[in-house]
Amino acid sequence: QIDQVAQLERLWAEEDITPNPYNPDPPTGLTTYRYLLVASSGDQVIGHISADVKADDGSSNYPMGRFPKGSLFVIIEGMYVLKRWRGRGIGSRLLRTLLARARADGLQQFFLTAVHRDMGPLTRFYVAHGFSPVGDPGPFGVTDMVLRA
């Protein structure tokens, strides 16, 4: 399944749904995450979400002091669902499952940077799942979002 996840990352870059300079480069190696969940249909991986756990150092680094200094948070690194599978709740299921697993591990704070050529639907998606935009939108409408349980 790892090869299929790497293929999804390549498709994400090729689809160009994230404006430059935020468009991910096609993966050149293996990245490890604390959480990597996949959605599949039969033997085919049709979506994924990846996240890691970090400690807020209170500096200007992400998440820029959005949580108490030293506290742990989950940073959602990426989520992608194949175009033909979108609109079926797969992204919602991936996100809900990630949040539930992280909470079961004792983690209560979540951070992501939302980047998309069409920010309206993306922002509404994350708000519907409990996230709140924080700070001023950056270039291309890039928005940091947090969720505190």
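Numbers given for residues are sequential positions, taken from 1 along each chain in its written order. Where totals are concerned, whole chains, interfaces and linings use all residues; where local detail is concerned, this predicted model gives features only for residues with pLDDT of at least 70, and gives and counts side-chain atom pairs only at 80 or more. Values shown for side chains rest on all heavy atoms present in the structure; no hydrogens or waters enter the calculation.

## Quick word on the overall build of the protein chain
Helix and strand counts for the protein chain stand at 3 helices and 6 strands. Secondary structure elements follow DSSP: runs of H or I of four or more residues count as helices, runs of E of two or more count as strands, with numbering from the N terminus. For the protein chain, the sequential pattern of α-helices and β-strands runs α-β-β-β-α-β-α-β-β. The buried share of the protein chain, reckoned over its 149 residues, is 41%. Here a residue-residue contact requires only that any non-hydrogen atoms of the pair lie within 4.5 Å. The contacts in the protein chain between residues at least 6 apart in sequence include a share of 59% that link residues at least 24 apart. Note on exposure labels: buried denotes an accessible area under 20% of the residue type's maximum, exposed denotes more than 50%, and partly exposed covers the range between, all computed with a 1.4 Å probe on protein chains only.

## Structural notes on the sheet that holds strand β1 (residues 35-41)
At least two bridges found by DSSP between two strands is the condition for calling them paired. Reading across the sheet, the 6 strands line up as β1-β2-β3-β4-β6-β5 and stay open at both edges, with mixed pairing between neighbours. A strand with exactly one partner marks an edge of an open sheet, and here the two such strands are β1 and β5 (132-134). Across this sheet, the average inter-strand angle for adjacent strands is 30 degrees, counted without regard to direction. Note: strand β3 (residues 72-81) against strand β4 (residues 109-114), 2 bridges, orientation parallel. By the bridge assignment for β4, Ile75 is matched with Phe111. Under this scheme, a helix contributes an axis fitted over its contacting stretch, all axes are lines through C-alpha atoms, and angles between N-to-C directions fall in the 0 to 180 degree range.

## Describing the nonpolar core
What we call a nonpolar core is a set of buried Ala, Val, Leu, Ile, Met, Phe, Trp, Tyr and Cys residues that are connected through their side-chain atoms within 4.5 Å. Counting 32 residues, the largest nonpolar core has Ile76 and Phe131 as the members making the most contacts within it. Elements with a contribution of two residues or more to this core: α1 (2-15), β1, β2 (44-55), β3, α2 (90-104), β4, α3 (119-128) and β6 (143-148). Take this core: its biggest share by element is 6 residues, from α2. Leaving out residues up to four positions away in the same chain, Phe131 has contacts with Ile76, Leu95, Leu99, Phe110, Leu112, Tyr126, Met145, Val146 and Leu147. In this structure, Phe67, Phe73, Val134 and Val146 belong to the second largest nonpolar core, which totals 6 residues.

## Some words on the pairing of β2
Taken together, the 7 bridges between β1 and β2 define a ladder with antiparallel strand orientation. Residue pairing across strands places Val38 opposite His48, the latter belonging to β2. Hairpin connection, β1 to β2: the antiparallel pair is bridged by 2 residues, and Gly42 has positive phi, about 65 degrees. Sheet analysis places β2 next to β3, joined by 9 bridges and oriented antiparallel. If you follow His48 over to β3, its bridge partner there is Tyr80.

## Description of α2
Look at α2: 21 Å from first C-alpha to last across 15 residues, which is about the 21 Å you get at 1.5 Å a residue. All of the buried residues in α2 are Ile90, Gly91, Ser92, Leu94, Leu95, Leu98, Leu99 and Ala102. As for α2, its buried residues are in contact with β1, β2, β3, β4, α3 and β6. Gly106, located one to two residues past α2, shows a positive phi value of around 90 degrees. The span you would expect from a helix comes to 1.5 Å times its residue count less one.

## Topic: the pattern of salt bridges
Any Lys or Arg side-chain nitrogen found within 4 Å of a carboxyl oxygen on Asp or Glu counts as a salt bridge. Scanning the model with the defined rule gives 1 salt bridge in all. Between Arg34 and Asp105 there is a salt bridge, and its shortest N-O distance comes to 3.9 Å. Taken together, the positions of Arg34 in the loop between α1 and β1 and Asp105 in the loop between α2 and β4 put the pair 71 residues apart, joining distant regions of the chain. Relative accessible area serves as the criterion here: at 47%, Arg34 is assigned to the partly exposed category.

## Side note on the confidence of the model for the protein chain
Overall, the prediction assigns the protein chain a mean pLDDT of 80, with 73% of residues at 70 or greater. Each residue carries a pLDDT score, the predictor's confidence in it, ranging from 0 to 100. Considering each helix and strand of the protein chain separately, the mean pLDDT is smallest for α1, with a value of 68, and largest for α2, with 96. Note that pLDDT drops below 50 for residues 19-27; the model gives that stretch 23 contacts with residues more than four away or on any other chain.

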